[in-house]
Amino acid sequence: MSEDAVPVKEGLFDETGGGRLLAGKCKACGRIFFPKAPFCFECLEKDMEEVVLSRRGKLYSYSIGRMASTHFPPPYAVGLVDLPEGVRVFAPLMSTVDLTYRIGMEMEVYIDELWKDDGKRVMGYKFKPVKGGD
Ligand SMILES: [Zn+2]
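Notes on the structure follow. (Residues numbered from 1 in each chain as written. Predicted model: local features only at pLDDT ≥ 70, side-chain atom pairs only at ≥ 80, totals over all residues. Heavy atoms only, no water.)

Looking at the packing of aromatic side chains
Convention followed: Note on aromatic pairs: the rings of Phe, Tyr and Trp (six-membered ring only in Trp) are paired at centre separations within 6.5 Å, and the planes decide the class, stacked below 30 degrees, edge-to-face beyond 60, tilted for the rest. Residue burial is assigned from relative accessible area. The probe radius is 1.4 Å, only protein chains are included, and a residue is buried under 20% of its type maximum, exposed over 50%, and partly exposed in between. The way it works is that DSSP assigns letters per residue, a run of H or I at least four long becomes a helix, a run of E at least two long becomes a strand, and they are numbered from the N terminus.
In total, this model carries 7 aromatic pairs according to the counting rule given. Measuring from centroid to centroid gives 5.2 Å for Phe33 and Phe41, while their planes differ by 70 degrees, and the two rings are edge-to-face. On the accessibility criterion, Phe41 (53% relative accessible area) is exposed. With 5.4 Å between their ring centres and 70 degrees between their planes, Phe34 and Tyr125 make a pair best called edge-to-face. Separated by 91 residues along the polypeptide, Phe34 in the loop between β4 (32-33) and β5 (48-52) and Tyr125 in strand β10 (residues 120-129) bring together distant segments of the chain.

Put into structure tokens, the structure is as follows:
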């Protein structure tokens, strides 16, 4: 990440291979949580390990915002993406200007600027459609 960029939150993602989400896996029952959980919400185990999530998943649902929000100029899209690890991730989607979203389409995570704060680029994860995918 460049000098003028900061992650929106530490430990959520890294930039390897275009961006990867970092999750927590329960060492007892194997349930995976994103963002990481302090303990397993399934079996209450406290022993969790970090795992890397798949970069691709399927769009479960989405919404187009048509009113200005604090950080995102309209129109903007947010969505829920189901990853193969059994995790449903809420995230901004790539700008909707040239894109049409469809439930079930294949999506890929990437790292992008979310907004600027005090001259710093605040970086986070977003999803975009996989070209030629489905
Ligand atoms: Zn567990």
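Now that the structure has been shown, the text picks up again.
Quick look at the pairing of β10
The following threshold applies: Two strands pair if DSSP finds at least two bridges between them.
Most of β10 sits inside the fold, with 7 of its 10 residues counted as buried. When strand β1 (residues 5-7) meets β10, the two strands line up parallel, connected through 3 bridges. What sits directly across from Val6, in β10, is Val122. Pairing of strand β9 (residues 106-117) with β10, which is carried by 10 bridges, proceeds in the antiparallel orientation.

Remarks on the coordination of the zinc ion
Filter applied, for reference: Coordinating N, O and S atoms are those within 2.8 Å of the metal (3.2 Å for Na, K and Ca), and as water is not part of the atoms, a site may appear to have fewer donors than expected.
Around the zinc ion, the protein contributes the donor atoms Cys26 (SG), Cys29 (SG), Cys40 (SG) and Cys43 (SG), at 2.3 to 2.4 Å from the metal centre. When the donor residues of the zinc ion are listed from N- to C-terminus, their spacing reads C-x2-C-x10-C-x2-C. Residue Cys43 is classed as partly exposed on the basis of its relative accessible area of 36%.

From the geometry alone we can't say anything about function, so treat these as descriptive.
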